[in-house]
Amino acid sequence: MAIIGMHFGHDAGAALTEAGGYRVIEAERRLGLRHVCGGNGDFPPAAAAWLAELRARAAGPVTGIAVADWYTPVCRVLPPALVELVNEDARWTATGGTGLADAVTRVLKPVDWPLAKGFGDITLTAVRHHYAHAALAYYTSGARKALVLALDGTGNYAECGMVCLGDGDRLTPVMSFTNRTGPRFGLVYEALARRVHGSQFDTGKLLGLSATGETDDALLPVLRAMLVPQSTRRASPDLYEQLDEDRLTGSALRYADTWWEYAPYSGGYLDAGLADSSDDDVVHSFGSVFPDEIRTADGRHTPVGTSPDERVCRDLAATLQTAVEGDLTSLVTGISRRFPSYATLCYAGGCALNITANSRLAECDQFTRVSIPTCCDDSGIALGAALAVADPADRPALLGRSGWAPLAYAGPPLEGLETGESDGDEAAAADGLRRRLGGLGLSLRRPADDEEFVGAVADLLAERRCVAWLEGGLETGPRALGHRSLLVSAHWSGARRYVSQTIKNREWFRPVAPICPEELADQYFTGPLDHTETMLFAVRVRPDRAERLAEARHIDGTARLQTVRPDAQPLLHRLCHAVAARTELPVLINTSANGGGRPLLNHLDDALELLTDTALDAVVLPERRLIVE
């Protein structure tokens, strides 16, 4: 049996879960538009094709479709019953109430829904946004008992998070968070990202920028009150640290021509004025607009800039990151004390992409393991919805240390490799590709075996070349994890600029990520090295290795490390060692294989375009032992 999940909001997509594994289709990678939602004009026919593709992929019959409840009203293929549920059922849309367990899944009638045609007698189920996040985190973790947390900017109804308890095959919601009272980690982060970088989706850029600034102690309590107002801190002292009123009294935020003074009763700024506003107004006010000016308790005025090159923006980014890390750690520690005996934390939602905050959680001594799925943001919502309603037999069993890999590489294989030969003859296929490349002025090498192939790629990297390494299934989520990666050796000065700025045209402050064999990682890095296979935790470069790893570390000395093992990624692991034999450094620099502003590529034509139009030096296809130059 199999279950299909769908998500119509930003980072839309469809996914399949069954006992044999997952398959994830991210709309942005099929439609070529970052963070695309179901309101895109190309989405309706594409979504129908994706459902047909997943149904054909399933080993058994598809018995149900689960749809996440956060959607865009302009989407033309919404289930009518979903629209009715969200717009008319007050119990479903309530936040923070005692009936949460009854408002996370709801069976709907699939009538008058075009996308359901052809599936026969199926069960259609709506899944609450944050419950889908939680289900993804728990059911793909391999844990049988875990505290589960979902946090992001917002789902529907101003809800911004949920806490669940995972016990065996049961996932029980126990708490809900709303942006009306906080925590507003995601929304405020989005607001500053929009102000500095131009988009709410630029939170990753803001995290990178934060390393270039310094925490401003006078601004810190103001930002913390924006994240969690003092009234919420007073009501839940076990979850949040109360702020010093003396450091808030007299402070204010200016939006356009209006000053919002600190209000002692609410313990915030906009909170009192938005008390009777709609959920949409609450979300917009905190998430879309960052103050134009901040007055601190000491009377200092800080005009807020709009460019990452401005010192004030860099310091604000650093201060906000400090605030988020502190209050998030306090919140998670408090939740863990409310629900003791859960040694594993499963964490998802957009906030789970904050890798330095994640490391704080991993090192807070509250958990033996912090598990975060690779598609922890909304790109995993479709699969999370499917997992939330699936029978336990339709969820893949996760065993061993490589349990993360089936989800991490659950996207489709690289497209565009067809050469016209259908007899399975690898040599004939290579000849067909060679003829195809000839018209582009490109050449093709096919080493005789894996050893020769790895050696040839290592030679390129040692010679200060950059290669696109395209292997296996496409990664799920925003991180390239050695399947759709641009690789360059970290041994030479200028490597970071070459791959990040020259080839990808990225901003100067954006970090790159090192790849290192797991067995050698502790020689170069410190931190939660047992959490580093999926590049969702920050580690620190050892001081005695700082100069040697100058190209691979971030400005603040941290690194978004990916460790590789021979059983999980044998050729990439061998490549690191082969490069070390030539350069005396087993560390590669990894960034995603895509052009600036475009989704992660998954078609050979896009890789060849990157090769011909940029300074990229080669495209390598490990499974076929092919090197295109």
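Relevant structure appears above.
In this report, we go over the structure that sits alongside the text.

Cut-off values and rules
Residues numbered from 1 in each chain as written. Predicted model: local features only at pLDDT ≥ 70, side-chain atom pairs only at ≥ 80, totals over all residues. Heavy atoms only, no water. Helix = DSSP H or I, 4+ residues; strand = E, 2+ residues; numbered from the N terminus. Rg over C-alpha atoms; globule rule 2.2 N^0.38 Å. Buried < 20%, exposed > 50% of the residue type's maximum accessible area, 1.4 Å probe, protein only. Contact = heavy atoms within 4.5 Å. Areas by Shrake-Rupley, 256 points an atom, 1.4 Å probe, with all protein chains shown as cover. Lys, Arg positive; Asp, Glu negative; His and termini not counted. Charge placed at Lys NZ, Arg CZ, Asp CG, Glu CD. Polar contact = N/O pair within 3.5 Å; in protein donor to acceptor, adjacent residues only side chain to side chain. Axes fitted to C-alpha atoms, helices over the stretch in contact; angles between N-to-C directions. Parallel < 35°, antiparallel > 145°, perpendicular 65-115°, else oblique. Left-handed = near helix turned anticlockwise from the far one by under 90°. Nonpolar A, V, L, I, M, F, W, Y, C, P; charged D, E, K, R; others polar. Pairing = 2+ DSSP bridges. Core = buried A, V, L, I, M, F, W, Y, C linked by side-chain atoms within 4.5 Å. 1 Å grid on protein atoms, 1.4 Å probe; cavity = no way out; pocket = protein on both sides within 12 Å on 5 of 7 lines; lining within 4 Å. Points joined across faces, edges and corners; volume = space filled by probe spheres on them.

## Brief notes about the overall build of the protein chain
At step 1: In terms of regular secondary structure, the protein chain is built from 19 helices and 26 strands.
At step 2: Relative to the 2.2 N^0.38 estimate, which gives 25 Å for 629 residues, the radius of gyration of the protein chain is 24 Å and therefore close to what a compact globule would have.
At step 3: Within the span of the protein chain, comprising 629 residues, buried residues form 62% of the whole.
At step 4: Taking all contacts inside the protein chain whose residues are at least 6 apart in sequence as the whole, residues at least 24 apart take part in 70%.
At step 5: Carbon and sulfur atoms make up 48% of the accessible area of the protein chain, which amounts to about 23100 Å² in all.
At step 6: One finds the centroid of the 61 positive side-chain charges in the protein chain at a distance of 1 Å from the centroid of its 82 negative side-chain charges.

## Looking at the environment of Ser379
At step 1: Topologically, Ser379 is positioned in the loop between strand S15 (369-371) and helix H13 (381-389).
At step 2: The exposure class of Ser379 is buried, given its relative accessible area of 8%.
At step 3: Linking Ser379 and His133, residues 246 residues apart in sequence, is a C-alpha distance of 9.9 Å.
At step 4: Look past the residues within four positions of Ser379 in its chain and what remains in contact with it is Asp11, Val24, Glu26 and Gly477.
At step 5: A polar contact of 2.5 Å, which involves the side chain of Ser379, links it to the side chain of Asp377.

## So, the packing of helix H16 (residues 450-462) against helix H18 (residues 570-583)
At step 1: Across the interface, H16 lies against H18 with an axial gap of 9 Å and an inter-helix angle of 50°. The angle between the axes of H16 and H18 places the two elements in the oblique class. When the axes of H16 and H18 are compared, the crossing they make is right-handed. Where H16 abuts H18, its residues Asp450, Glu451, Val454, Gly455, Val457, Ala458, Asp459, Leu461 and Ala462 lie against Leu571, Arg574, Leu575, Ala578, Val579, Arg582 and Thr583.
At step 2: Considering only residue class, the contact of H16 with H18 consists of nine nonpolar, two polar and five charged.

## Details of the sheet that holds strand S6 (residues 123-127)
At step 1: Taken in spatial order, the six strands of this open sheet run S3-S2-S1-S4-S6-S5, and their pairing is mixed. Strands at the two margins of the open sheet, each flanked by one partner only, are strand S3 (21-26) and strand S5 (105-108). For this sheet the average axis-to-axis angle between neighbouring strands, irrespective of direction, equals 20°.
At step 2: Pairing of strand S1 (residues 2-7) with strand S2 (residues 13-18), which is carried by six bridges, proceeds in the antiparallel orientation. Each bridged residue has a counterpart across the sheet, and for Ala2 the counterpart in S2 is Glu18.

## A short note on the pairing of strand S19 (residues 513-517)
At step 1: Along S19, five of the five residues are buried, which leaves the element largely enclosed by surrounding structure.
At step 2: The alternating pattern of S19 places Ala513, Ile515 and Pro517 on one face and Pro514 and Cys516 on the opposite face, and all of these are buried.
At step 3: As paired elements, S19 and strand S24 (residues 588-592) share three bridges and run antiparallel to each other. Its bridge partner lying in S24, Pro514 is registered against Ile589.
At step 4: Both S19 and strand S23 (residues 562-564) contribute to a ladder of three bridges, which runs parallel. In the strand pairing of S23, Cys516 is matched with Thr563.

## Section: the nonpolar core
At step 1: Within the largest apolar cluster, 106 residues are counted, with the highest numbers of intra-cluster contacts made by Phe177, Phe290 and Tyr347.
At step 2: Tallying contributions element by element places helix H11 (residues 311-338) first for this core, with ten residues.
At step 3: With 45 residues, the next largest nonpolar core counts Leu442, Val512, Ala593 and Val619 among its residues.

## Quick look at unusual backbone geometry
At step 1: In this model, Gly182 is joined to Pro183 through a cis peptide bond whose omega is 10°.
At step 2: By the element assignment, Pro183 lies in the loop between strand S9 (170-178) and helix H6 (185-197).
At step 3: Although it is not a glycine, Ala256 adopts a positive phi angle of roughly 55°.
At step 4: Residue placement: Ala256 occurs in the loop between strand S10 (252-255) and strand S11 (258-261).
At step 5: For Met535, which is not a glycine, the phi torsion comes out positive at approximately 60°.
At step 6: Tracing the sequence through the fold places Met535 in the loop between strand S20 (525-526) and strand S21 (539-541).
At step 7: Using a relative accessible area of 2% as the deciding quantity, one classes Met535 as buried.

## Some remarks on the side chain of Thr154
At step 1: Here Thr154 is to be found in the loop between strand S7 (145-151) and strand S8 (159-167).
At step 2: On the accessibility criterion, Thr154 (11% relative accessible area) is buried.
At step 3: Separated by 3.2 Å, the side chain of Thr154 and the backbone oxygen of Glu159 make a polar contact.
At step 4: Sequence-distant contacts of Thr154, defined by excluding residues within four places in its chain, comprise Trp70, His129, His130, Glu159, Cys160, Asn179 and Val283.

## Thoughts on the pairing of S11
Here is the key point about a regular strand: its side chains alternate between the two faces of the sheet.
At step 1: Strand direction decides the pairing type here: S10 and S11, joined by four bridges, are antiparallel. Bridge assignment links Leu253 to a residue of S11, and that residue is Trp260.
At step 2: Between S10 and S11, which pair antiparallel and follow one another directly, the connecting turn spans two residues, one of which, Ala256, has a positive phi of 55°.

## Details of the layout of surface pockets
At step 1: Of the volumes computed, that of the second largest pocket is approximately 600 Å³.
At step 2: Tallying contributions element by element places S15 first for the lining of the second largest pocket, with three residues.

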